[in-house]
Amino acid sequence: MSLTDKADVSTFVDLTQHEIEALKTRFNLADAHTHQRQSASQERIVSRLPELWHESETKQQAHFERQFVDAFFRLHQQPTARAMDRTLLSYSASVSTMVAGMFLKQRGMSVQLVEPCFDNLVDLLRNMQVPLGPVDESVLHDKDAIYDRLVEAIDADAIYLVDPNNPTGFTLLAEKLEGFREVVRYCVDHDKVLVMDFCFASFALCDEGIGRVDIYKLLEESGVTYMVMEDTGKTWPIQDAKCAMITSSRDIQEEVYNLHTSVLLNVSPFVLNMVTQYIEDSIEDGFASVRDIIKTNGDAARAALDGTILEFQEPVVGTSVAWFRIKPEHLTATQLQAVLFDEEVYVLPGTFFYWNTKEKGERFVRLALAREPEVFAGAMERMRKVLERYAA
């Protein structure tokens, strides 16, 4: 790409516009989608694609939906959700989020969304004209103080959290259900709707120190009104074929179902069949194919950028993104992102993640890790050379 072909990134209005431009760049470290190659066992799935296609033609849609939901919740160790039969499927997490936004709008509810987070959640809610305010992630950091901090911070009708959070890797579930239980208790006591985005939860499964517990059991037993979104889109290298889910509490299930059917009929049975094979493969290999790539590239990023102007921010859960703080106060994320872009390395500036206080985001950049290790190593070599300009 020549300099004359480069877009003026200062005109971009959201992170997705940055990610679209990054797709044209040699070293795309922007989007968190999976761009690595297949593992050996995944290659065997690819070789079976014609078979899976023809199988998808011969069996009913309901068969593939049941098969997918069963496999997904077995992988994620959610027996309660698996048994409830209240999960609705869509072809992207954005669609599930849109349905949640439609519910809030229809009820005339306001919502407070965690900050920082990926800004398409903000845009979807705003485009639905849902009254929106922030709740700082730090409110959730001390499990013993969560309840009181929420009392102080929340004045909306609903709370919208992302766990693990993108970009920080924070989770309420580091100590099993203790922190999450406090959020649920607050919502029940104060009659708040709880909206949870678990789209990065697969990475908790990759972390032996975190794992997953039966979240839906707590939700169901508490009586809280909730909507939970989950996704496969950030986990396996399947050319952006994916399935997202929304599961709601029994008291609003019919309303959410009616909204969902106004949006779509079904997810492709072939996509469901194929994604199910990847889920079963991860059950078989203990998530090694996902975990190993993330660990390899995460370690490479820390080693390559150690001693530079960037400081790695240790996550509670290691997800498929890395969050770095810019140490020099005079250098902003907007400036650094533009300099790296000139050298064909595309990272995301923190500004859009801090959607309510963009100045806070000027201190951070985010790197995506789900890449071929050889390509990622090249990106790190190029990136370090750029950062060395600031060594003085």
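Position numbers for residues start from 1 in each chain and track the written sequence from start to end. Where totals are concerned, whole chains, interfaces and linings use all residues; where local detail is concerned, this predicted model gives features only for residues with pLDDT of at least 70, and gives and counts side-chain atom pairs only at 80 or more. Hydrogens and waters are ignored; side-chain quantities use all the structure's heavy atoms.

Quick notes on the pattern of salt bridges
Side chains carrying opposite charge are able to pair once their charged atoms draw close together.
Part 1 of the reasoning: Here, a salt bridge means any side-chain nitrogen of Lys or Arg that lies within 4 Å of a carboxyl oxygen of Asp or Glu. Across all of its chains, the model carries 23 salt bridges by this definition.
Part 2 of the reasoning: The shortest N-O distance in the salt bridge between Arg48 and Glu51 comes to 3.3 Å.
Part 3 of the reasoning: Partly exposed describes any residue whose relative accessible area lies between the buried limit of under 20% and the exposed limit of over 50%, with all areas from a 1.4 Å probe on protein chains only and scaled to the type maximum. For Arg48, a relative accessible area of 29% corresponds to the partly exposed category.
Part 4 of the reasoning: With its nearest N and O atoms 3.3 Å apart, the salt bridge here joins Lys143 to Asp144.
Part 5 of the reasoning: Under the relative-accessibility criterion, Lys143 is labelled partly exposed at 25%.
Part 6 of the reasoning: When salt bridges with common partners are traced through the structure, they connect Asp70, Arg74, Arg82 and Glu280 into a single cluster.

Overview of the packing of helix H9 (residues 178–189) against helix H11 (residues 215–222)
Part 1 of the reasoning: At a closest axis distance of 11 Å, the pairing of H9 and H11 adopts a crossing angle of 25°. Classified by the angle between their axes, H9 and H11 sit roughly parallel to one another. The crossing of H9 and H11 is right-handed. On H11, the residues that touch Phe180, Arg181, Val184 and Val188 of H9 are Ile215, Leu218, Leu219 and Ser222. Axis definition: a line fit to C-alpha positions, over the contact stretch in the case of helices; interaxial angles, taken between N-to-C directions, run 0 to 180 degrees. What counts as a helix is a DSSP run of H or I of at least four residues, what counts as a strand is a run of E of at least two, and both are numbered from the N terminus. Any angle that falls under 35 degrees is termed roughly parallel, while one over 145 is termed roughly antiparallel, one within 65 to 115 roughly perpendicular, and all others oblique. Crossing handedness: left-handed means the near helix sits turned counterclockwise from the far one by under a right angle, and right-handed means the same turn made clockwise. Residues are treated as being in contact if the distance between any of their heavy atoms lies within 4.5 Å.

Notes on the packing of helix H14 (residues 288–305) against helix H17 (residues 373–387)
Part 1 of the reasoning: It is at 9 Å that the axes of H14 and H17 come closest, and there the two elements cross at 15°. Accordingly, the angle class assigned to the pair H14 and H17 is roughly parallel. Between H14 and H17 lies a crossing whose hand is right-handed. Touching Ile293, Thr296, Asn297, Ala300, Ala301, Ala303, Ala304 and Leu305 of H14 are Pro373, Phe376, Met380, Met383, Arg384 and Leu387, all from H17.
Part 2 of the reasoning: Here the residues of the contact of H14 with H17 are counted per class, giving eleven nonpolar, two polar and one charged. Residues are grouped as follows: nonpolar covers Ala, Val, Leu, Ile, Met, Phe, Trp, Tyr, Cys and Pro; charged covers Asp, Glu, Lys and Arg; every other residue, Gly included, is treated as polar.

With respect to the UniProt feature "domain: Aminotransferase class I/classII large" (unreviewed entry) in the protein
Part 1 of the reasoning: UniProt positions are given in the numbering used here, feature names are shortened, and annotations may be inferred rather than shown by experiment. Look at the UniProt record and you will see "domain: Aminotransferase class I/classII large" (unreviewed entry) annotated at residues 72–371.
Part 2 of the reasoning: Within residues 72–371, the helical portion is 41% and the strand portion 18%, while the C-alpha atoms at the span's ends are 23 Å from each other.

Description of the pairing of strand S10 (residues 321–326)
Part 1 of the reasoning: Judged by how many residues are buried, S10 sits mostly within the fold: five of six residues are covered.
Part 2 of the reasoning: Here three bridges tie strand S9 (residues 310–312) to S10, and the two strands are oriented antiparallel to one another. Opposite Glu311, over in S10, you have Arg325 as the bridge partner. Note on pairing: two strands pair once DSSP finds at least 2 bridges between them.

Considering the sheet that holds S9
Part 1 of the reasoning: Taken in spatial order, the four strands of this open sheet run S9-S10-S13-S12, and their pairing is antiparallel. Each having just a single partner strand, S9 and strand S12 (348–349) make up the two edges of the open sheet.
Part 2 of the reasoning: Note that S10 and strand S13 (residues 364–368) share five bridges and pair antiparallel. Looking across to S13, one finds that Arg325 is bridged to Phe364.

Remarks on helix H1 (residues 15–22)
Part 1 of the reasoning: Those residues of H1 not exposed but buried are Leu15, His18, Glu19, Glu21 and Ala22. All buried residues of H1 lie within an arc of 160° about the axis, which places them on one face of the element.
Part 2 of the reasoning: The elements touched by buried residues of H1 are strand S1 (27–28), helix H15 (333–342), strand S11 (345–346), S12 and S13.
Part 3 of the reasoning: For this analysis, a polar contact is any N or O atom pair within 3.5 Å, provided that within protein one partner can donate a hydrogen and the other can accept it, and provided that sequence-adjacent residues contribute only side-chain to side-chain pairs. Two to three positions downstream of the cap, the backbone nitrogen of Thr16 sits 3.2 Å from a side-chain oxygen, assigning the N-cap of H1 to Asp14. The arc in question is the one traced by the directions running from the helix axis out to the C-beta atoms.

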